[in-house]
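# A structural walkthrough
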Amino acid sequence: MSSWLGGLGSGFGQSLGQVGGSLASLTGQISNFTKDMLMEGTEEVEELPNSGRKEIEAIHAVLRSENERLKKLCMDLEEKHEASELQIKQQSTSYRNQLQQKEVEISHLKARQIALQDQLQKLQSAAQSVNSGAGGVPATSASSSFSYGISHHASAFHDDMDFGDVISSQQEINRLSNEVARLESEVGHWRHIAQNSKAQGSNSSDQSEICKLQNIIKELKENRSQEIDNHQHEMSVLQNAHQQKLTEISRRHREELSDYEERIEELENLLQQGGSGITVTDHSKIHEMEKTIQDLQTEKVASTKKIEGLEDKIKDINKKLSSAENDRDVLRMEQEHLKVENRQIIEECEHLKLECSKLQPYALKQSDAVTERERILPQITPAEDEVIRLQQALSDAENEIMRLSNLNQDSSLAEDNLKLKMHVQVLEKENTLLIQEKEKLQISLLKLNDEYEVVKSTATRDPDLDSELHDLRLNLEAKEQELNQSISEKEILIAELEELDKQNQEATKHMILIKDQLSKQQSEGDSIISKLKKDLSDEKKRVHQLEDDKMHITKKLDMKKEKLIQSELVINDLHLTKQKLEDKVKDLVDQLNKSQKSDIDIKKENFELKEHIQQNEKELSRVRDELTQSLNRDSDSNFKDDLLKVREAEVRNLKQSLSEIEQLNDSLNKVAFDFKVENEKLVIACEDVRHQLQESIAGNNQIFLEKNTMMEALKMEKGQLEAELCQAEKRLLEEANKYEQTIEELTNSHNLSTSALQLEHECLIKLSQEKDSEIAELKKNIEQMDIDNKETRKILSSSLEEQKQLTQLINEKEIFIEKLEERSSELQEELNKYTQALRKNEVLKQTIEEKDRSLGSMKEENNHLKEELERLKEQQSRAAPVAEPKTLDSITELESEVSQLNIIKDNLEKEVKHHQKVIDDQNHSKMQLLQSLQEQKKEMEEFKCQHEQMNVTHTQLFLEKDEEIKNLQKTIEQIKTQLHEERQDVENSDIFQETKVQSLSIENGSEKHDLSKAETERLVKGIKEREMEIKLLNEKNIFLTKKIDQLSKDEVGKLTQIIQQKDLEIQALHARISSPSYPQDVVYLQQQLQAYAMEREQVLAVLSEKTRENSHLKTEYHKMMDIVAAKEAALIKLQDENKKLSTRFESAGQDMFRETVQNLSRIIREKDIEIDALSQKCQTLLTVLQTSNTGNEVGSVNSNQFEELLQERDKLKQQVKKMEEWKQQVMTTVQNMQHESAQLQEELHQLQAQVLVDSDNNSKLQVDYTGLIQSYEKNETKLKNFGQELAQVQHSIGQLCNTKDLLLGKLDIISPQLSTGSLLTSQSAESHRTVKPDLSSESSKQEIDELRKSLHEKDATIRTLKENNHRLSDSIVATSELERKEHEQTDSEIKQLREKQDVLQKSLKEKDLLIKAKSDQLLSLNENLTNKVNENELLRQAVTNLKERILILEMDACKLKGENEKIVETTREKQTEYQALQETNMKFSMMLREKEFECHSMKEKALAFEQLLKEKEQERDQVMLALKQKQMENSAVQNEVQHLRDKEVRLNQELERLRNHLLESEDSYTREALAAEEREAKLRKKVTMLEEKLISSSNAMENASHQASLQVESLQEQLNVVSKQRDETVLQLSVSQEQVKQYALSLSNLQMVLEHFQQEEKAMYSAEVGKHKQLVAEWKKKAENLEGKLVSLQERLDEANAALDSASRLTEQLDLKEEQIEELQKQNELREEMLDDVQKKLMNLVNSTEGKVDKVLMRNLFIGHFHTPKNQRHEVLRLMGSILGIKREEMEQLLNEGQGGVTRWMTGWLGGGSKSVPNTPLRPNQRSVLNSSFSELFVKFLETESHPSIPPPKLSVHDMKPLDSPGRRKLDTNISESFKDATESRSGRRTDVNPFLAPRSAAVPLINPAGLGPGGPGHLLLKPVSDVLPTFTPLPVSPDNSAGVVLKDLLKQ
């Protein structure tokens, strides 16, 4: 789709380019055509004299024009061709990419086919090597049947799955079938191309592809040759190994032959020693030995034939191996042909399926062949066992190869290579095992050969030795012991023969006995051989059964493997979905990173904007200072314009910054909302994926449970297959765990940051490494277990057949242990899952808490921003528009938080539901356990019935045996009457050999009797011996019956007692809950279970309520935490501010405060002293004036001065009162601050009360938690009691098992005793039979007959006893097995109960841990609250200073509370809506499930449409840009349209005329074209000829004229037609010329339009410039209005400042205190330095003045002036002036002024004495200096004498009078240089200070100073105090100043 869309887009762009190119080419054609026409117009036509030449030239021109037209058409076509070629190239590149992908897939599939065919060949070769008769099975049928089975099982598997999965699988099948059809078409296309290339000569691209294919064929041939070489190498290695083994076996054979020869020589020597005197007499024995030798020879011949048959079969097998190799080579040749010919993928897959499916009947035929082979070889049992093992190994290998082939069809090549390597390793291991087994077979064959060779050698050497060796071979080690005993007996006999006389008789008797023994041994050997044959037949039957079971197992395994393949397909699909989700997650992570980066940038911009706002605030304060200064000044200069400009620029910047901030906030809110919506969508998608995965995992778990149940039945014989299946199950479980982990990582990655993701990723890598190590350890353990199993199998095969029952029991116990291990592993996996889930929940909780914290911090930042915006609004003083409260942002944030909390609540509810399901499952399992217990009781009752029946049968058997024993006792009593004497000797003998020795001693005692008597005595002895044996057997039978009775009664009684005890215990367990009656027990148990279920449900309900309460408390807690966090943030800010202030004030502030108080007191004292001094001075002055003034004027002056002084005294008193009032104001401020601290303490108490309430709530929760813990502990104690009772039951069951084992051991002991007894009886009977023919007397015959009858009867009784014993043993074994099964069932059930108890205990522990964690969290929160309370207590002192700030914060908090209440109401409404939505969701979830599979199909379409939309959006963006440009052009062109409409009318008329003309010309042209189509062919030929002739005519014009004259006649007819065409072309020329003119007009018009457009643009620019100027003028007007408003506001502020309290000053100061403290500290340092300098200067000045002015001289002069007469006083004044340094001219001027007198002198002395205040010339309208008061002049004098340290800093700027006033001039002229510098530095330094915080001296004085102009008052005493008194200005607290500033100003003054 993307390539097609790309082609469409490129084609669309190219078509647009073609349109533009065609337009350009059309204009170029028009221009060329006009040029050609003009050129042709300029050319002269009159050169040729002939008319024919003119016509030719005209024709030539027409042809040229046509040629040009055709060329242009060709150019256009070439351009179109290039565009189409570009399109084709793009499409061909896309198709080539697709072809390369397909070729890569084809190569992968070919490699897979090659590997599979190699595996098939190996399988076939192995099968042919093993199977003797199933060699030529075709491979296609098997694969076809196998494929059918796979498809069938796949369909069955999919039926079990969901409908959506079926639809998705059907869609994938359709897609794959479409791809197959397309690949077939492509294959056919390329094959067709290859055939065409063979037929025609291939193109370059075809050649390249053929080269590729040839290279592939070469690689395949090389691979085949490498595989053949490897196979030959393996064959050579095997042959070498075989030869080495043969050499080793031959060597061992020789060594064993030598050992046997040495042993035979030793035996010969022994026989020669023992039988030197016996060989002569025993001819009958020699005959018998010869017969036995002949029999042995016949047997040897038969065995040699069998060995030859086996060797022939081995040769046949080797031949079949070679034929299999040949077949393999043939198959490889066929495979090469198939590679060359059949390259289609579908046929290869079909062949593979057919071959794989036909392996099953192949395996069946192999097993049939194995059974035939076993029938051929019935006597060699070890060979059969090893053949069975070979078959099992081959079937395992075949199954594994089948599984690998099926897996290879689905998985990737890398996985194929890894699995093939693993498979090769497994095959190598199996090869080694097979080689070992082959060695064992060869060793066994060689042993048989050795034994037969030994038999041959002994037969050739000696018949006697042959017979003895035959006996030795039959009897083995037991018979060698008997030979040793016979040798010892021979030695004893030789010694007795030397002592006694009758050695020969005894020797003959002894030989007869030896013959009897040999015959007995022969009979025993025959019986052993018959038993062995029976065992062989039984084992054959077992082998057949095992083979049938194996066939069933193989079928089941195939089914399992198909299910595994299907599950792997599902897992692959899940992998694909997982990869898609990972891609989506990566995209989202990128988007999150981008959004985080954008957030960071926006925060930086906000920070910069804040700084910018602060700078603007500083600039505003500076501007206000300047404005106040400008208002105080009356000068309206350029300063206002500068201020206006600055103000305008600042206002614009502020508005732009505000608009940018608002836009940024809006964009941020939108982006955040979009991200939240996307996060919610992703969370929903992840939850859907999680549900799907959980469903798939549940399906997999069901499949695995089925597999486990099947595998538990098959574990006896298939250990290796079980290991492989366990590995596969572990892999699937690990993959499922990995999928769950990856999905949880995806869900966490939406919530967590990148650092958290990295941490989780590292943790997961560690976990995966640990699990890989655990898997490796488990694999090692499994391998060790396999090795141990093999060793145990070897030991069991070497052990006797009698121990098979024990091995079965051991195997069953091993199976049970393995089951327990599997269950434990499953439980551990479940535990791991639960722990992982808990960890994930904890991580989610942490992330939620972090999100809540981040939300709280964001809220705090928003609140701070809101506060700063409100401050800015307040500072802009209602002029700026009020910003709207951004409640929408908070509402959207709260809605997002509510949605997140709802999602969290849903997750918690799902977890609660999951736990409820788990508890319901546990209740259901308990019900099942109770049902199983009831079933066990029923089974126990049935077993009791069976026991009673068995006891009845036993009693019947015992009665029969008692009768038989009575009969035997009767016969024994008859024999006892005859033989009393010899019974005592017989009773002492127990063993058969001792009886023989005693019989010989008895015979030695009766030497003197006859032979007949001796023989009768012997017979009697034999009968006695038989009787003793019968007695012994009877006693043993009685003992056995007693034992059996005891066992059947005592032990069965014990068992019944134990069972009854167990029943009683079980009933006691029930009786603890219910009444003793059984049905009531059941009912009560059910009721109790229901009660437990109800309790569980109640506990769960309580838990759910607690979780809900927890969630509510969490929400409330989060709200409280938000509020607390906001207050904490405010407190932290206040703390920081307090810390800063405290750090500053502690070092300076408190000292400053104390210093201010001390300085105030000091200043007040100084002022009091100064007032006293002034009063004294006033009194002295009054006295001086009274004494000095003698005249009317003087009196008037004194009275005036006196009044003035009184007024000044009143003013000073008023100033003192004001100072006292100010002191009281300071005290009131301190008291107000104390009251505020008390109020803050009360608020802190309220907060503590709230904290105590919260702690009470927490304590209540803790109480509830402790109650829950107690209930849990009670449940745990109950569970422990149940566990103890279960342990007791298990202990009793263990005792039962021990008793069962004892029973089995006793029965095993009993059975061999019975067999030994039967053997003894048979031996004794045979000895009697041999003795009987030697007797001769009739009486002895009768006795012998009677004895025979008695013996027959005794044998019959013995047989019946044996049968009874066998029956009893079988019955006991059956009962023991039934008991064992019952015990196993009870054990398994008890273990299940234990496991469920463990699971419940684990779940309880986990919940306890959760509750403990929550309690820990509550404790930590309580500790945090206590810490915060302590911090609040510490911060009380700081809070006292900051109460007004907290009031503002409380107002904001009230607003926020109102907003929160609104939000709470909205949340409640949303909760109701949410409940309604939950109900609707329950309805819609069903609908959604139905539409989910539709969504899957729509998603693919959506992806394609998204790609389309992206491309269309890009095109749309381009088109929108073009549209914007066009709109701009249209807006400009619309003005032109009005001018062009008239022209358009004309042009439309002309166009209509031209269209009509063109239509007519086209109609005529089409008519003529139809008529001239026939002529055109001729004309074109002739045109070519004419062109050639014209070319030649240029070379030779003379010949051309002659030829043209000849051709004129032939061309006149054609010229008529051409003339018509010429006329038409002339008409076209005229039309085209008119068009050219029109185009020229249009071009000129367009140029005019362009010029007009440019002019309009200029006009627009000029208009915009004018608008901007108007805007500037308007802004200036606005600024002026604002200045007017500012003036009015300043006046209002002055009025308002008079009314404000000290509290308002503190609040205003605290806002800017942080900025000013540092500056003030710097200024303080500078001022301290200045004070030091000034003090130094003062000291110098004092010193200098004291040195300059001589008080005594001045006093004498002063007194002398008054003592001298008036005429000579001017001389005294001149003297004083000369002393003071006054010039003569000045003195004369002073003396000549008439009105001066003493007042003039006094004023000069006081006011103008110093240089700092020189007198200025008086104006004509100005009053005399007497108008200035005396106190004023005195103060000036004191000021000039004392030189105050530094005047107020703003005095030079603020208090300067205008230049018109004389006081102003005086100040200007009299300020010293240093003073000016200081004031300049101060004013420059204080320009940026808030004007409202300036010192009092810098501000406007309370009393406006009036100039000394004509409008002033006339008298001194009515004058106000001037402002030229910096040290004594009255200091009432101005409203715009704070206390600290006033104090500082006082200190400065």
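It should be emphasised that the depicted structure is a prediction, and the values quoted were computed from it without experimental measurement. (Residues numbered from 1 in each chain as written. Predicted model: local features only at pLDDT ≥ 70, side-chain atom pairs only at ≥ 80, totals over all residues. Heavy atoms only, no water.)

### Describing the overall build of the chain
For the chain, the helix and strand inventory stands at 36 helices and zero strands. The burial tally for the chain puts 29% of its 1949 residues in the buried class. Residue pairs in contact within the chain that sit at least 24 positions apart in sequence constitute 88% of those at least 6 positions apart. When the accessible surface of the chain is split by element, carbon and sulfur atoms take 56% of a total near 124000 Å². (Helix = DSSP H or I, 4+ residues; strand = E, 2+ residues; numbered from the N terminus. Buried < 20%, exposed > 50% of the residue type's maximum accessible area, 1.4 Å probe, protein only. Contact = heavy atoms within 4.5 Å. Areas by Shrake-Rupley, 256 points an atom, 1.4 Å probe, with all protein chains shown as cover.)

### Looking at the pattern of salt bridges
Tallied over the entire structure, the rule returns 24 salt bridges. Across the pair Arg182 and Glu186 runs a salt bridge whose closest N-O atoms are separated by 3.1 Å. In this pair, Arg182 and Glu186 both sit in helix H4 (residues 163–200), four residues apart, roughly one turn of the helix. With a closest N to O distance of 3.8 Å, Lys910 and Glu687 form a salt bridge. Here Lys910 is found in helix H17 (residues 887–978), whereas its partner Glu687 is found in helix H13 (residues 638–714), with 223 residues between them in sequence. Residue Lys910 is classed as partly exposed on the basis of its relative accessible area of 36%. The buried category is assigned to Glu687, whose relative accessible area is 18%. Residues participating in the shared-partner salt-bridge network are Glu812, Arg1380 and Glu1384. (Salt bridge = Lys/Arg side-chain N within 4 Å of Asp/Glu carboxyl O.)

### Details of the packing of helix H29 (residues 1769–1780) against helix H30 (residues 1784–1792)
Taken N-terminus to C-terminus, the directions of H29 and H30 make an angle of 145°; their axes are 10 Å apart at the nearest point. You can see that H29 and H30 cross each other, and the crossing is right-handed. Listed contacts from H30 to His1770, Leu1773, Arg1774 and Gly1777 of H29 are Met1787, Glu1788 and Leu1791. The residue makeup of the contact of H29 with H30, split by class, is three nonpolar, two polar and two charged. (Axes fitted to C-alpha atoms, helices over the stretch in contact; angles between N-to-C directions. Left-handed = near helix turned anticlockwise from the far one by under 90°. Nonpolar A, V, L, I, M, F, W, Y, C, P; charged D, E, K, R; others polar.)

### Re the side chain of Gln121
Structurally, Gln121 is set in helix H2 (residues 51–130). Setting aside chain neighbours within four positions, we find Gln121 in contact with Arg328, Leu331, Arg332 and Gln335.

### A few points about the packing of aromatic side chains
What the rule picks out here adds up to one aromatic pair. The interplanar angle of 75° and the centroid separation of 4.8 Å between the aromatic rings of Phe1758 and Phe1762 together place this pair among those described as edge-to-face. Taken together, the residues span about one helical turn, with Phe1758 and Phe1762 both in helix H28 (residues 1751–1763) at a distance of four residues. A residue is classified by how much of its surface remains accessible, and Phe1762, at 32% relative accessible area, is partly exposed. The side chain of Lys1678 reaches across the aromatic face of Trp1675, ending 4.5 Å from its centre. (Phe/Tyr/Trp six-rings, centres within 6.5 Å; stacked < 30°, edge-to-face > 60°. Lys NZ or Arg CZ within 6 Å of the ring centre and 35° of its normal.)

### Quick notes on the environment of Gly164
If you trace the backbone, Gly164 turns up in helix H4. Given a relative accessible area of 29%, Gly164 falls into the partly exposed group. On a C-alpha basis, the gap between Gly164 and Phe1493 in space is 5.3 Å, while along the polypeptide they are 1329 residues apart.

### Describing the side chain of Asp1452
Checked against the element boundaries, Asp1452 lands in helix H25 (residues 1443–1595). The buried charged residue Asp1452 lacks any salt bridge, with Lys1455 as its nearest oppositely charged partner at 4.4 Å. Discounting residues that sit within four places of it in the chain, Asp1452 has contacts with Glu867 and Glu870. (Lys, Arg positive; Asp, Glu negative; His and termini not counted.)

### Some thoughts on a nonpolar patch on the surface
Taken together, the side chains of Leu70, Leu73 and Leu77 make up a nonpolar region of the molecular surface, amounting to roughly 280 Å² of accessible area. For Leu73, the location among the structural elements is in helix H2. (Patch = residues over 30% accessible without salt bridge, like charges linked within 9 Å, V, L, I, M, F, W, Y side chains within 5 Å.)

### So, a negative patch on the surface
A cluster of acidic side chains, namely Asp599, Asp601, Glu605, Glu608, Glu611 and Glu660, defines a negative patch on the protein surface. Take Asp599: it is sitting in helix H12 (residues 503–632). (Charge placed at Lys NZ, Arg CZ, Asp CG, Glu CD.)

### Considering the nonpolar core
Ranked by size, the top nonpolar core spans 22 residues in total, and within it Leu557, Leu564, Leu574, Val689, Leu693, Leu732 and Tyr739 carry the most contacts. Of all the secondary structure elements, the ones that give two or more residues to this core are H12, H13 and helix H14 (719–751). Leu693 has contacts with Leu574, Tyr739 and Ile743, leaving out every residue within four places of it along the chain. Listed in part, the nine residues of the second largest apolar core include Ile919, Tyr1265, Leu1279 and Ile1411. (Core = buried A, V, L, I, M, F, W, Y, C linked by side-chain atoms within 4.5 Å.)

### Observations concerning the packing of helix H16 (residues 804–875) against H25
Between two packed helices, what matters for the description is the angle formed by their axes and the separation of those axes. Between H16 and H25, whose axes approach to 12 Å, the crossing angle comes to 115°. Here H16 and H25 pass one another in a crossing that is right-handed. Here H16 contributes Asn863, Lys866, Glu867, Glu870 and Arg871 to the contact with H25, which in turn contributes Arg1445, Leu1449, Asp1452, Lys1455, Leu1456 and Glu1459.

### Quick look at the confidence of the model for the chain
When pLDDT is averaged along the chain, the result is 76; 75% of the residues meet or exceed 70. Confidence, expressed as mean pLDDT per element, reaches its minimum in the chain at helix H3 (residues 139–160) with 41 and its maximum at H2 with 88. Taken as a whole, residues 1005–1009 scores under 50 in pLDDT and shows four contacts with residues more than four places along the chain or in a different chain. Overall, residues 1891–1936 carries pLDDT values under 50, and its contacts beyond four positions in sequence, including any with other chains, amount to 105 contacts. (pLDDT = per-residue confidence, 0-100.)

### Observations concerning the environment of Lys1043
Relative to the elements of secondary structure, Lys1043 occurs in helix H20 (residues 1011–1071). For Lys1043, a relative accessible area of 33% corresponds to the partly exposed category. Placed 263 residues apart in sequence, Lys1043 and Lys1306 show a C-alpha to C-alpha distance of 9.6 Å.

### Here's the deal with a positive patch on the surface
Taken together, Lys440, Lys790, Arg793 and Lys794 make up a surface patch of like positive charges. Looking at the positive patch, the element that brings in the most residues is helix H15 (residues 754–798), giving three residues. Among the secondary structure elements, Arg793 is positioned in helix H15.

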